[in-house]
Amino acid sequence: PRRLQTHPSASVLPGFRHVHLQALLGFGLLVAFLGRYGPGSVATSILVVAFAIQWAVLIQGFLYFFLNGKIYVGAQSMVSADFCAAAVLISTGALLGRVNPAQMLLLTLLGVTLFSINEYILLSLMGISDSGGCLTVHTFGAYFGLVVSRILHQPRADKRKEQQDAGHQADVFAVLGTIYLWIFWPSFTSATAVRNNAEPWAVLNTYFSLAASTLAAFVLSPVLYEESTLRMVQIQDAALAGAAVMGMAGEMLVTPFGALIAGFLAGLIPPLGFRFLTPVLRSRLKIQDTCSVHNVHGLPGILGALLGTLLTALTTADAYGGRLELVFPLVAQGSRTATDQALCQLSALPVTLLLAGLGGCLTG
């Protein structure tokens, strides 16, 4: 299967722990900043993770790890399940405060199934490279949640400023969430990336991107807002966007300078989006986005997919050396040119958006 490269389970375990911690603690703390729903949203996150992992192991088992009538379970399948849980958690971020726990379970049931189908189409059938889940996790999760949110539109909820409803306790949660993000997200991006004796490109590029996106928040927020000090939630959002943009390009030859530029651009999206785009989504399109997943995951995910497509088109055997076979196996084998691979990477974006949109309609 294309989902994960085969290598000894021992080398997966540290990465698996980091991915699991990020899914459980990181995402839990990232939604805890909402003053109105804080503790309840963390509890909901744990419920979603607990159910999503079980269901994902089954669904993905049939798609990837099914042999001779049995599903083979190991560290690989748990990493896959955690990626799936992360996508569903991103979707729930758009719906917090308007969906009860029973509805969350139904959302998880359908979300995991659709995520697995989308991932199977992209990675196995189309043969694209998306090790950090730029399209499969961030883009799919965000737009799936947004479409469900549109269908569950509540006119009265517009009068409440849910996103502004945060106090001192909220900033404490945001600090912890951001620290977890910085510690564990590079492992999340590289958990399914190629493992050989070369440098871990995905980890390094994600760190550069996180650093640049955090700086972008400090540069832009004082320009957009009159507050003299930055809210911790704004730094958290920018860091998340910087992590999301490296999902596809992380293990490609993006270079440190390229990762810094991409991270800086991604870090500009949440403050700009929150100021100019979110009010339009709420008033014109009737989309209530509680945790601003469109600015933090959706748009950076699309930017990351476009960056990955560009880097794929510029791929040469000389630049990648022996690593080409691990990052782009079909190009290395000669069954595709770099241009063909880039077109596949690009066409994966509308496929993901279509599946997220249709699936969101059905779920909503």
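Thresholds applied
Residues numbered from 1 in each chain as written. Predicted model: local features only at pLDDT ≥ 70, side-chain atom pairs only at ≥ 80, totals over all residues. Heavy atoms only, no water. Helix = DSSP H or I, 4+ residues; strand = E, 2+ residues; numbered from the N terminus. Buried < 20%, exposed > 50% of the residue type's maximum accessible area, 1.4 Å probe, protein only. Areas by Shrake-Rupley, 256 points an atom, 1.4 Å probe, with all protein chains shown as cover. pLDDT = per-residue confidence, 0-100. Contact = heavy atoms within 4.5 Å. Expected span 1.5 Å × (residues − 1). UniProt positions renumbered as here; feature names shortened; annotations may be inferred. Polar contact = N/O pair within 3.5 Å; in protein donor to acceptor, adjacent residues only side chain to side chain. Bend = angle between axes of the 7 residues up to and from the residue.

A. Representation of the overall build of the chain within the structure. Of regular secondary structure, the chain possesses 14 helices and two strands. Looking at the chain as a whole, 56% of its 364 residues qualify as buried. When the accessible surface of the chain is totalled, it reaches about 14,700 Å², and 68% of it is carbon and sulfur.

B. Inspection of the confidence of the model for the chain at higher detail. Averaged over the chain, the pLDDT score is 82; the fraction of residues at 70 or greater is 85%. This model gives residues 4-10 a pLDDT under 50, and the stretch forms 12 contacts once residues within four places in sequence are excluded.

C. Here's a closer look at helix α10 (residues 293-313). In this model, α10 (21 residues) spans 29 Å end to end at C-alpha, consistent with the 30 Å of a helix rising 1.5 Å per residue. The buried count for α10 comes to 16 of 21 residues, which makes it a mostly enclosed element.

D. Focus on the UniProt feature "transmembrane region" (unreviewed entry) in the chain. Cross-referencing UniProt, the feature "transmembrane region" (unreviewed entry) maps to residues 20-39, 46-67, 79-97, 104-123, 135-152, 172-194, 206-225 and 260-278 in the present numbering. Overall, residues 79-97 shows 79% helix and 0% strand. The separation of its end C-alpha atoms is 29 Å.

E. Highlighting the environment of E251. Structurally, the position occupied by E251 is in the loop between α8 (232-249) and α9 (255-283). C-alpha of E251 to C-alpha of V203: the two residues are 48 residues apart in sequence and 8.2 Å apart in space. For E251, the side chain forms a polar contact with the side chain of S129, separated by 3.3 Å.

F. Quick peek at helix α5 (residues 134-151). Between the first and last C-alpha of α5 there are 25 Å, a value that for 18 residues agrees with the 26 Å anticipated at 1.5 Å per step. By the largest-angle criterion, F140 marks the main kink of α5, which is about 30°. Judged by how many residues are buried, α5 sits mostly within the fold: 15 of 18 residues are covered.

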